[in-house]
Amino acid sequence: MPIRSFLLVLFCVPMVVDADSFDHGLAIGDVTSQSAVIWSRAETTETVLIELDTTDAFSAPVTRRVAPRPDADHTLSTRFDDLTPATRYHVRVGGDTEHPVLGTFTTAPALEASDPIRFLVGGDVGGQGYCRHVDRGYDIFTAMASHEPDFFVANGDMIYADGDCPADGPGDWRNIPGDFPAVHWPPIDWTDAGRIAEIMHAHWRYNRADPHHRDFLARTPIYAQWDDHEVINDFGAAWQAWSPQLDRPGYPTLVTAGRDALFAWNPFDRHPDEPDRIYRAFDWGSQLDLILLDARSYRDLNDLAARPENPKTMLGHAQRDWLIERLTTSQARWKVVSSDVPLSLPTGSNADLYGRDGFANGPTYGAGYGARTGFEAELLDILRALDAADVDNLVFVVTDVHFAMVLRYAIDLDGDGDLLHFHEVLSGPLNAVTLTTPPQLDPTLKPTILFAEGDIFNYAQVQIDDKGHLTATIHGSDGAVRDGSRLDLEPR
């Protein structure tokens with residue numbers, strides 16, 4: 001099906017912006033079989049020419065002229081519709097200049113197709129002082145690009161707004177310095193909306209200026225979600241205050257700025273009725289239903305004790321019901337859920353004071369207050385519904401914990417004698433502090449450890465062949481598969 005041509009004319013005489021103005025390149029996101037969102041940033045007051053064509057000659061492009069948004073750090077985005085499934089497209093931003101900003105992507109296959117799929121999952125970029133290395137930058141993105149993935153799931157913590165990037169990082173690590181503070185520093189006034197917004201945007205500008213990162217996004221579509229460090233450690237968007245600093249005014253301003261920056265710097269296809277909605281799902285032919293969660297926007301307080309008479313929610317009732325319906329009615333061979341918190345690894349900084357940040361309560365022995373504050377009951381309710389519906393071929397992908405693991409689950413939650421089988425693939429960090437040993441797993445779901453390795457930068461790759469065989473592997477910063485990490489699954 002040919003592209004339907006659209007032309008948005010904002011000036012009578014179109015002007016071409018010099019492509020040298022596009023220091024942060026372009027990105028493609030929320031790709032479907034018939035649409036894609038194109039993102040860029042330009043320090044200009046002129047509209048920007050964006051072209052889309054099926055050839056790199058751009059002989060008959062579909063064109064748009066889009067104005068950068070000064071209130072969103074001069075970022076811009078637009079959606080192209082009526083695309084053809086499983087088709088390679090080329091993107092040009094800035095017009096036919098000497099050095100145009102170029103990108104490419106392939107649309108998702110048609111719903112009935114069983115095309116093979118390869119995608120990557122990663123998160124945790126620039127954390128705990130491990131920022132753009134003075135010699136190597138974020139070179140893990142070049143290793144990731146070598147796989148030529150169909151898309152990348154940016155699972156969260158793609159910036160660390162609550163960190164800084166000094167020239168001297170931990171140990172002998174040396175950074176390209178960042179010109180921004182950490183948002184939690186005491187001198188930062190959270191009630192100053194303009195100042196907070198500038199700090200958030202500065203973090204995104206720094207990470208996206210890395211050439212490895214920039215080149216990767218120009219040829220790899222992205223599905224973005226957030227975790228805590230896009231705002232501040234272990235946060236909830238609906239709270240009135242941040243637990244470690246309850247008396248500090250301006251917390252809602254901080255959350256708003258973090259959310260706005262997330263949308264400004266990523267190619268989101270925003271929901272028409274819920275423009276701040278982050279959770280969403282995408283079909284990739286008959287093979288894959290990709291589901292992205294939002295564990296930040298709707299959560300109850302982390303330190304709220306979990307009691308049967310006082311159930312707590314991380315996902316919020318609407319998202320939880322949407323997730324159950326999506327998984328129990330999906331016709332896709334594989335259901336992959338990208339969760340920004342793990343299932344069985346207990347998380348939360350200083351959990352005995354501020355509560356658990358993830359689903360898991362923690363190990364039963366030596367349990368303090370923190371081990372009674374996980375969002376475990378909600379997860380069990382979700383899994384019980386999936387067990388009752390006999391959902392098969394379910395894989396969770398997670399980052400967050402700065403340690404790579406592959407876990408297997410087989411548990412009967414609805415008491416019918418049939419087991420619910422699923423797996424969890426944890427990867428990361430891409431470029432942040434690494435853990436040498438994982439936290440003790442919560443035993444509730446009876447996880448079996450198939451692979452565990454720390455102290456490495458890493459990411460996950462998932463492949464589904466045309467027969468439906470799924471493999472997942474953990475890769476180090478050199479792109480090589482880590483020994484023992486391969487998960488092989490035949491569809492049930």
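Undergrad: Would you mind going over the pairing of strand E13 (residues 334-338) with me for this structure?
TA: Most of E13 sits out of view: 5 of its 5 residues are buried. Neither face of E13 is left uncovered, since the one carrying Trp334, Val336 and Ser338 and the one carrying Lys335 and Val337 both have all their residues buried. With 5 bridges connecting them, strand E12 (residues 288-292) and E13 associate as parallel partners. When the sheet's bridge partners are listed, Leu292 is paired in E13 with Ser338.

Undergrad: Can you help me understand the pattern of salt bridges in this one?
TA: Summed over all chains, the structure comprises 23 salt bridges. The salt bridge involving Asp227 is made with Arg296; its shortest N-O contact spans 3.0 Å. Remark: Arg296 occurs in the loop between E12 and helix H5 (317-329) and Asp227 occurs in the loop between strand E10 (222-224) and helix H4 (251-264); sequence separation between them is 69 residues. Arg296 carries the same exposure label as Asp227, and that label is buried. A single network of salt bridges, built from pairs that share partners, joins Arg41, Glu43, Asp73, Glu198 and Arg205.

Undergrad: I keep staring at the state of the cysteines and nothing clicks. Help me out?
TA: As used in these notes, a disulfide is a covalent bond between sulfur atoms, one from each of two cysteines. Under the counting rule described, the total for this entry stands at 1 disulfide. Through a disulfide, Cys131 is tied to Cys165; the S-S separation comes to 2.1 Å. Disulfide Cys131-Cys165: the torsion about the S-S bond is -80 degrees, which places it as left-handed. In this pair, Cys131 is assigned in the loop between strand E8 (117-122) and helix H1 (140-145) and Cys165 in the loop between strand E9 (151-154) and helix H2 (193-208), connecting sequence segments 34 residues apart. By relative accessible area, which is 4% here, Cys165 ends up buried.

Rules of the game
Residues numbered from 1 in each chain as written. Predicted model: local features only at pLDDT ≥ 70, side-chain atom pairs only at ≥ 80, totals over all residues. Heavy atoms only, no water. Buried < 20%, exposed > 50% of the residue type's maximum accessible area, 1.4 Å probe, protein only. Helix = DSSP H or I, 4+ residues; strand = E, 2+ residues; numbered from the N terminus. Pairing = 2+ DSSP bridges. Salt bridge = Lys/Arg side-chain N within 4 Å of Asp/Glu carboxyl O. Disulfide = S-S within 2.5 Å.

What is shown is where atoms sit, not what they do.
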